[in-house]
Amino acid sequence: MRQKKNAYGKVIRMMAHEVNNTVGPVNSIINMALDTGDMWTSPDKSSLKNAMHVAVARNQNLNLFMRNFADLVKLMPVNKLQVDLAALIYSVSNFMGIKAKENGVSFEFDLPDTPFYILADFQQLEQALINIVKNAIEAIDGQGIVRFSVNTKQKRLEISDNGRGISEDLNEQLFSPFFSTKKDGQGIGLTLVREILLNHGFSFSLKTVIEGQTDFVIQLS
């Protein structure tokens, strides 16, 4: 795994360097042209001006695309502090609530009534849980449920969905960089989750345990 990370990390850094070195100057040239007012006084230039605005927008999308990959290889060291896991889960569910509603998905909770503290980097673990919940929502066709369950005695978090499930042949590839089952997926969401959880020292698993139930289990100790 370390060898793979070193390999794709080198490729990503090289790609990001080349993209940034190209996109920045190109955008500067286009914006300079757009700011030159007398170039656009003629009506027949409107389509060219629109095309240049589209070019800038596409360049910005390309920068964002590369930034997502770069996040995999420049994660900050984990800053572990006391975090109330239940409060973190509610924060994630509130953030993902609109997307869940749009997809006909509801959330269920089996969480402790009192604060349950773990040592974690709040921002990084929050990002990991957002990615997990996003995948769970997208795995559900039509009405469905994403369930959050915390076992305080075993220090375990389970995020379950009743979506279409994961086949055995795909299960081993899910956390591989650049692998995605989605048409427009970049294959970085679960890879980022893996890096964050491993950096925390948390073990984890993702599998369809029975038809209609897929569990993402995180062992928090």
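The structure this text deals with has already been given above.
The paragraphs below set out a description of the structure included in this document. Remember, predicted model here, so these are calculated numbers, not experimental data.

## Here's the deal with the overall build of the protein chain
On a plain count of helices and strands, the protein chain comes out with six helices and seven strands. Starting at the N terminus and walking to the C terminus, you meet the elements of the protein chain as α-α-β-α-β-β-α-β-β-α-α-β-β. In the protein chain, which comprises 221 residues, the share counted as buried stands at 36%. Put simply, 70% of the contacts in the protein chain that link residues at least 6 apart link residues at least 24 apart.

## Describing the nonpolar core
In this structure, Leu85, Val146, Leu157, Ile159, Phe216 and Ile218 are the most contacted members of the largest nonpolar core, which totals 38 residues. Sorting the residues of this core by element identifies helix H3 (85-102), strand E2 (105-110), strand E3 (117-120), helix H4 (122-138), strand E4 (144-151), strand E5 (156-161), helix H6 (189-200) and strand E7 (213-219) as the ones contributing at least two each. In terms of residues, this core owes the most to one element, H4, which gives eight residues. Apart from the residues lying within four places of it in its own chain, the contact partners of Ile218 are Leu129, Ile132, Lys155, Arg156, Leu157, Leu197, Phe202, Ser203 and Phe204. Counting residues in hydrophobic clusters, the runner-up holds five residues, among them Ala33, Leu34, Met52 and Val56.

## Remarks on H3
When the terminal C-alpha atoms of H3 are compared, their 26 Å separation across 18 residues agrees well with the 26 Å that a helix rising 1.5 Å per residue should span. The principal kink in H3, of about 50°, is found at Met96. Considering only its buried residues, H3 is in contact with strand E1 (81-84), E2, E3, H4, E4 and E5. The backbone nitrogen of Ala86 has a side-chain oxygen 3.3 Å away, supplied by the residue at the start of H3, namely Asp84. Trailing H3 by a residue or two, Gly104 shows a phi angle of about 70°, which is positive.

## So, unusual backbone geometry
In the Ramachandran plot, Lys155 falls in the positive-phi region, its phi being about 50° despite a non-glycine side chain. Under the relative-accessibility criterion, Lys155 is labelled partly exposed at 41%.

## Structural notes on the packing of aromatic side chains
In the structure shown here, the tally under the stated rule is five aromatic pairs. Ring geometry for Phe107 against Phe148: centres 5.5 Å apart, planes inclined by 75°, an arrangement best described as edge-to-face. Here the residue Phe107 occupies a position in strand E2, and Phe148 occupies one in strand E4, the gap between them amounting to 41 residues. Arranged with centres 5.3 Å apart and planes meeting at 10°, the rings of Phe109 and Phe148 form a pair that is stacked. Taken together, the residues span a long stretch of sequence, with Phe109 in strand E2 and Phe148 in strand E4 at a distance of 39 residues. We classify Phe109 as partly exposed; its relative accessible area is 33%. Here the aromatic residues Tyr90, Phe107, Phe109 and Phe148 are joined through ring pairs into a cluster of three or more.

Calculation criteria
Residues numbered from 1 in each chain as written. Predicted model: local features only at pLDDT ≥ 70, side-chain atom pairs only at ≥ 80, totals over all residues. Heavy atoms only, no water. Helix = DSSP H or I, 4+ residues; strand = E, 2+ residues; numbered from the N terminus. Buried < 20%, exposed > 50% of the residue type's maximum accessible area, 1.4 Å probe, protein only. Contact = heavy atoms within 4.5 Å. Core = buried A, V, L, I, M, F, W, Y, C linked by side-chain atoms within 4.5 Å. Expected span 1.5 Å × (residues − 1). Bend = angle between axes of the 7 residues up to and from the residue. Polar contact = N/O pair within 3.5 Å; in protein donor to acceptor, adjacent residues only side chain to side chain. Phe/Tyr/Trp six-rings, centres within 6.5 Å; stacked < 30°, edge-to-face > 60°.

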